[in-house]
Amino acid sequence: QVQLVESGGGLVQPGGSLRLSCAASGSISSLAVMGWYRQAPGKQRELVADITSGGSTNYKDSVKGRFTVSRDNAKNTVHLQMNSLKPEDTAVYYCATSKVFTTDPNRYDDWGQGTQVTVSS
(Lines give C-alpha, C1' and ligand atoms only; values in the text may rest on other atoms or scores of the structure.)
Protein backbone atom coordinates (compact mmCIF):
# COMPACT_ATOMS: atom_id res chain seq x y z
CA GLN A 1 0.00 0.00 0.00
CA VAL A 2 0.98 3.62 -0.54
CA GLN A 3 1.13 6.02 2.38
CA LEU A 4 -0.10 9.53 1.49
CA VAL A 5 0.33 12.74 3.46
CA GLU A 6 -1.42 15.96 2.44
CA SER A 7 -0.20 19.43 3.38
CA GLY A 8 -0.77 23.06 2.45
CA GLY A 9 -4.30 23.62 3.69
CA GLY A 10 -5.33 26.61 5.76
CA LEU A 11 -7.49 29.72 5.98
CA VAL A 12 -7.59 32.05 2.98
CA GLN A 13 -9.78 34.97 1.91
CA PRO A 14 -12.02 34.74 -1.15
CA GLY A 15 -9.97 35.30 -4.28
CA GLY A 16 -6.82 33.98 -2.65
CA SER A 17 -4.68 30.97 -3.48
CA LEU A 18 -3.41 27.81 -1.83
CA ARG A 19 -1.13 25.03 -3.05
CA LEU A 20 -1.81 21.56 -1.69
CA SER A 21 0.81 18.83 -1.77
CA CYS A 22 0.49 15.07 -1.48
CA ALA A 23 3.65 13.18 -0.59
CA ALA A 24 3.71 9.44 -1.28
CA SER A 25 5.82 6.85 0.52
CA GLY A 26 7.10 5.34 -2.71
CA SER A 27 7.22 5.72 -6.46
CA ILE A 28 4.07 7.10 -8.06
CA SER A 29 5.12 6.54 -11.66
CA SER A 30 3.34 3.17 -11.85
CA LEU A 31 0.05 4.42 -10.36
CA ALA A 32 -2.63 4.83 -13.03
CA VAL A 33 -4.44 7.74 -11.38
CA MET A 34 -3.84 10.15 -8.55
CA GLY A 35 -6.83 12.20 -7.52
CA TRP A 36 -7.92 15.01 -5.24
CA TYR A 37 -11.30 14.70 -3.52
CA ARG A 38 -13.03 17.02 -1.11
CA GLN A 39 -15.80 16.70 1.45
CA ALA A 40 -17.70 19.41 3.30
CA PRO A 41 -19.66 18.62 6.51
CA GLY A 42 -22.94 16.91 5.70
CA LYS A 43 -22.08 16.54 2.02
CA GLN A 44 -20.88 13.73 -0.24
CA ARG A 45 -17.21 13.35 -1.04
CA GLU A 46 -16.62 14.60 -4.58
CA LEU A 47 -13.85 14.44 -7.15
CA VAL A 48 -12.05 17.76 -7.62
CA ALA A 49 -9.29 16.79 -10.04
CA ASP A 50 -7.22 13.82 -11.10
CA ILE A 51 -4.16 13.10 -13.20
CA THR A 52 -3.15 9.88 -14.95
CA SER A 53 0.27 8.31 -15.32
CA GLY A 54 0.33 9.74 -18.84
CA GLY A 55 -0.36 13.27 -17.64
CA SER A 56 -4.01 13.57 -18.67
CA THR A 57 -6.09 15.69 -16.29
CA ASN A 58 -9.74 15.88 -15.35
CA TYR A 59 -11.54 18.56 -13.31
CA LYS A 60 -14.86 19.15 -11.63
CA ASP A 61 -16.72 21.73 -13.71
CA SER A 62 -16.84 24.33 -10.95
CA VAL A 63 -13.04 24.42 -10.56
CA LYS A 64 -12.05 24.45 -14.23
CA GLY A 65 -9.81 27.40 -14.98
CA ARG A 66 -9.08 27.96 -11.29
CA PHE A 67 -7.39 24.72 -10.13
CA THR A 68 -4.43 22.91 -11.65
CA VAL A 69 -3.31 19.38 -10.75
CA SER A 70 0.24 18.25 -11.46
CA ARG A 71 2.59 15.43 -10.55
CA ASP A 72 6.31 15.29 -9.90
CA ASN A 73 7.34 11.67 -10.31
CA ALA A 74 10.94 12.35 -9.28
CA LYS A 75 9.76 13.61 -5.89
CA ASN A 76 6.80 11.22 -5.56
CA THR A 77 4.52 14.19 -5.05
CA VAL A 78 1.23 15.46 -6.48
CA HIS A 79 0.12 19.09 -6.22
CA LEU A 80 -3.14 20.96 -6.47
CA GLN A 81 -2.75 24.66 -7.19
CA MET A 82 -5.95 26.47 -6.22
CA ASN A 83 -6.49 30.04 -7.40
CA SER A 84 -9.45 32.43 -7.18
CA LEU A 85 -10.80 30.50 -4.21
CA LYS A 86 -14.47 30.81 -3.30
CA PRO A 87 -16.31 30.11 -0.03
CA GLU A 88 -17.91 27.06 -1.63
CA ASP A 89 -14.43 25.53 -1.99
CA THR A 90 -14.31 25.11 1.80
CA ALA A 91 -13.85 21.41 2.61
CA VAL A 92 -11.41 18.76 3.72
CA TYR A 93 -9.27 17.84 0.73
CA TYR A 94 -8.02 14.27 0.29
CA CYS A 95 -5.35 12.78 -1.92
CA ALA A 96 -5.97 9.27 -3.27
CA THR A 97 -4.38 6.77 -5.66
CA SER A 98 -5.61 4.01 -7.93
CA LYS A 99 -3.67 1.26 -9.68
CA VAL A 100 -6.29 1.18 -12.44
CA PHE A 101 -7.77 3.92 -14.58
CA THR A 102 -10.99 5.00 -12.90
CA THR A 103 -13.06 7.95 -11.69
CA ASP A 104 -14.94 5.78 -9.18
CA PRO A 105 -13.77 6.54 -5.61
CA ASN A 106 -14.71 2.99 -4.60
CA ARG A 107 -11.89 1.72 -6.80
CA TYR A 108 -9.19 3.93 -5.28
CA ASP A 109 -6.68 1.92 -3.27
CA ASP A 110 -5.18 4.35 -0.77
CA TRP A 111 -6.26 7.62 0.84
CA GLY A 112 -4.53 10.31 2.85
CA GLN A 113 -5.90 11.76 6.08
CA GLY A 114 -6.94 15.05 4.49
CA THR A 115 -6.12 18.72 4.92
CA GLN A 116 -8.62 21.46 5.79
CA VAL A 117 -9.19 24.33 3.37
CA THR A 118 -11.32 27.22 4.63
CA VAL A 119 -12.22 30.16 2.38
CA SER A 120 -13.71 33.01 4.38
CA SER A 121 -13.47 36.77 4.78
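Novice: What exactly am I supposed to notice about the state of the cysteines here?
Specialist: The bond known as a disulfide is covalent and runs between the sulfur atoms of two cysteines. Per the stated rule, a full pass over the model turns up one disulfide. Each sulfur in the disulfide pair C22 and C95 lies 2.1 Å from the other. Sign of the S-S torsion, about -75 degrees for the bond between C22 and C95, identifies this disulfide as left-handed. One end of the pair, C22, is in strand β3 (residues 18–24); the other, C95, is in strand β9 (residues 91–98), and 73 residues separate them in sequence. Owing to a relative accessible area of 1%, C22 belongs among the buried residues under this scheme. Owing to a relative accessible area of 0%, C95 belongs among the buried residues under this scheme.

Novice: When you look at the layout of surface pockets in this model, what are you seeing that I'm missing?
Specialist: By rolling a water-sized probe across the atoms, one finds the places where empty space is left. Counted as a void, the largest pocket has a volume near 170 Å³. As for the largest pocket, its lining consists of R38, Q39, A40, K43, Q44, E46, K60, P87, E88, D89, T90 and A91. Counted by class, the lining of the largest pocket contains three nonpolar, three polar and six charged residues.

Novice: What's the story with the pairing of strand β5 (residues 46–52) in this structure? I'm lost.
Specialist: The side chains of a regular strand alternate between both faces of the sheet. Among the seven residues in β5, six count as buried, and that is most of the element. Judged from the six bridges that link them, strand β4 (residues 33–39) and β5 form a sheet pairing that is antiparallel. Within β5, the residue paired with M34 across the bridge is I51. Here β4 folds back onto β5, and the loop between the two strands holds six residues, one of which, G42, carries a positive phi near 75 degrees. Pairing analysis gives three bridges linking β5 to strand β6 (residues 57–59), with the strands arranged antiparallel. Looking across to β6, one finds that A49 is bridged to Y59.

Novice: Please explain the sheet that holds strand β7 (residues 67–72) as it appears in this structure.
Specialist: Sheet strands line up and pair through hydrogen bonds in the backbone, either parallel or antiparallel. Taken together, the four strands give an open sheet; going across it, the order is β1-β3-β8-β7, and neighbouring strands pair in antiparallel fashion. Each of the sheet's edge strands pairs with one partner strand only, and the pair in question is β1 (4–7) and β7. Within the sheet, the average angular offset between the axes of one strand and its neighbour, ignoring direction, is 15 degrees. For β7 and strand β8 (residues 77–82), the ladder comprises six bridges, and the chain directions are antiparallel.

Cut-offs applied
Residues numbered from 1 in each chain as written. Predicted model: local features only at pLDDT ≥ 70, side-chain atom pairs only at ≥ 80, totals over all residues. Heavy atoms only, no water. Disulfide = S-S within 2.5 Å. Helix = DSSP H or I, 4+ residues; strand = E, 2+ residues; numbered from the N terminus. Buried < 20%, exposed > 50% of the residue type's maximum accessible area, 1.4 Å probe, protein only. 1 Å grid on protein atoms, 1.4 Å probe; cavity = no way out; pocket = protein on both sides within 12 Å on 5 of 7 lines; lining within 4 Å. Points joined across faces, edges and corners; volume = space filled by probe spheres on them. Nonpolar A, V, L, I, M, F, W, Y, C, P; charged D, E, K, R; others polar. Pairing = 2+ DSSP bridges. Axes fitted to C-alpha atoms, helices over the stretch in contact; angles between N-to-C directions.

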